[in-house]
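# Structural overview for review
The chain contents come next:
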Amino acid sequence: MSRVQSVAEMTHIARRRLPDFAWEYLWGGAEEELTLNANREAFQQIGLQSHTLVANHPVPLECELFGKTSALPMAIGPSGFNGMLWPQADLALAKSAASKSIPFVLSTVSNASIEQVRAAAPELNFWFQLYALKDKDIQEDLLQRARNAGVDTLVVTSDALVVGNREWDRRNFVNPRQLTLRNQLNVLMHPGWLRKIMLPSGLPTMGNLNPYVPENERSALGAMKFIASQLDPLLDWQKLAEIRQQWSGKLILKGVLHPDDALKAMDLGLDGIVVTNHGGRQLDGASSSLQALQRIAPVVDGRLQILLDSGIRRGADIVKARALGADAVLLARATLFGVAAGGQAGATRVLDLLQEETARCLNLMGCQNLKDLSPNWLL
């Protein structure tokens, strides 16, 4: 992993290692993948200003996120079914985040449980992502388990109440979780993945949900059926207000693309928002996250913290996001490529690369501090 020189190179390694269905789950977007591609194009269309003859001192990269210091302006965001990419991938990601002193967000539909993550990374700045559930007793129990594990920052996802039209998923399966014959043959061409992931007990189940799934249905398929039946498609601002009342810690809304929604989040007393289009996996044709940030940040005007998600592949992307008003970025695919390619070592290498690139970019621009960034540094 130490020889990998970019997230793009890590992506190629992950592609070779994964069977087609797992790769398409990791890589793909919704419908025509317009928004998926727009996320990268938005970063590529913005240039960087540079000033010369500025002393190249080491650039401090730490920032304050929701009352705690993060060593870097980034966190590892929530993602589900990571055990399909690498054994105990959630734990590998958590340990990578802990090693870099940045936050890690565990998904409701993770394969590792809240308790397992805390045991694996005792010093982790540990956040939990919640999908609103129909059964409020289960939802409250999940929140209590998070409190017991020392989680003080909750991220509520609002942009996946209806699952996006991911056609690649339907192409790969003839029935829920039953691969087509072509994909079954393709899996056989990846013996390393088979050995690591499928042996001895098959695809991992969802650790956070196991206590609520009937014992005879605690399989990957059983957990998927359970969460599909439990997701609350009627989550609205009133229900979010109820979660605000139940949760005494920091509360972040993930899924904001419109300035009006950012204002509503402030009115509810939320602590932050994640500007994101769910990595282009939901509404195809939605704004890129970076374009949405340019509309939202001036309206928020520093009154709550903003994280940007979707499309981050280089340190320069992080610099551009900060210059446009984000406090930090949430990493998803970038670190998933790393964990799929090489487990914890791969994820940590991605974080190292993004740290090095961010510092180098600021030095080359002649910007001596993250706090100095503003739109004036952009072209």
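Residues numbered from 1 in each chain as written. Predicted model: local features only at pLDDT ≥ 70, side-chain atom pairs only at ≥ 80, totals over all residues. Heavy atoms only, no water.

## Looking at the overall build of the chain
- Assigned secondary structure in the chain consists of 15 helices and 12 strands.
- Relative to its length of 379 residues, the chain is compact, with a C-alpha radius of gyration of 20 Å against a globular reference of 21 Å.
- Overall size of the chain, expressed as C-alpha extent along the three principal axes, is 65 × 50 × 40 Å.
- For the chain, the residues scored as buried account for 58% of the 379 residues in total.
- Partitioning the intrachain contacts of the chain with sequence separation of at least 6 by distance along the chain shows that 71% fall at a separation of at least 24. (Helix = DSSP H or I, 4+ residues; strand = E, 2+ residues; numbered from the N terminus. Rg over C-alpha atoms; globule rule 2.2 N^0.38 Å. Buried < 20%, exposed > 50% of the residue type's maximum accessible area, 1.4 Å probe, protein only. Contact = heavy atoms within 4.5 Å.)

## With respect to the pattern of salt bridges
- Applying the stated rule across the entire model yields 13 salt bridges.
- Between K136 and D232 there is a salt bridge, with the nearest N and O atoms lying 3.6 Å from each other. A residue pair is termed long-range when its members are at least 10 positions apart, and K136 in helix α6 (residues 136–148) and D232 in the loop between α10 (220–230) and α11 (237–246) qualify at 96 residues.
- Accessibility expressed as a relative area gives 38% for K136, which makes it partly exposed.
- For D232, a relative accessible area of 4% gives the class buried.
- With a shortest N-O distance of 3.0 Å, E140 and R147 are connected by a salt bridge.
- Owing to a relative accessible area of 29%, E140 belongs among the partly exposed residues under this scheme.
- Overall, R147 belongs to the partly exposed group, its relative accessible area being 25%.
- Three or more residues are tied together by salt bridges with common partners; here these are R15, D20 and R182. (Salt bridge = Lys/Arg side-chain N within 4 Å of Asp/Glu carboxyl O.)

## A short note on the side chain of T157
- Within the secondary structure, T157 sits in strand β6 (residues 153–157).
- Among the residues examined, T157 registers a relative accessible area of 3% and is labelled buried.
- Among the polar contacts listed, one links the side chain of T157 to the side chain of Q129, at a separation of 2.9 Å.
- Once residues lying within four places of it in the same chain are set aside, the contact partners of T157 are Q129, L130, Y131, L235, K254 and H278. (Polar contact = N/O pair within 3.5 Å; in protein donor to acceptor, adjacent residues only side chain to side chain.)

## Here we look at the state of the cysteines
- What the rule picks out here adds up to zero disulfides.
- With no disulfide of its own, C63 has C367 as its nearest cysteine by sulfur position, at a separation of 14 Å.
- Cysteine C367 remains unbridged, with the sulfur of C361 as its closest cysteine sulfur at 9.0 Å. (Disulfide = S-S within 2.5 Å.)

## Section: the nonpolar core
- F104, I273 and L308 are the most contacted members of the largest nonpolar core, which totals 115 residues.
- Ranked by the residues each element gives to this core, the list is headed by helix α15 (residues 333–365), at 14 residues.
- For L308, the contacting residues outside a window of four places in its chain are F43, V275, S289, L290, L293, A321, A326, A328, V329 and L330.
- In this structure, L65, W127, I252 and L307 belong to the second largest nonpolar core, which totals 12 residues. (Core = buried A, V, L, I, M, F, W, Y, C linked by side-chain atoms within 4.5 Å.)

## Things to note about unusual backbone geometry
- Phi at F81 takes a positive value of approximately 60°, unusual for a residue other than glycine.
- Tracing the sequence through the fold places F81 in the loop between β3 (74–76) and α4 (89–100).
- Unusually for a residue other than glycine, S101 sits at a positive phi of about 60°.
- Owing to a relative accessible area of 44%, S101 belongs among the partly exposed residues under this scheme.

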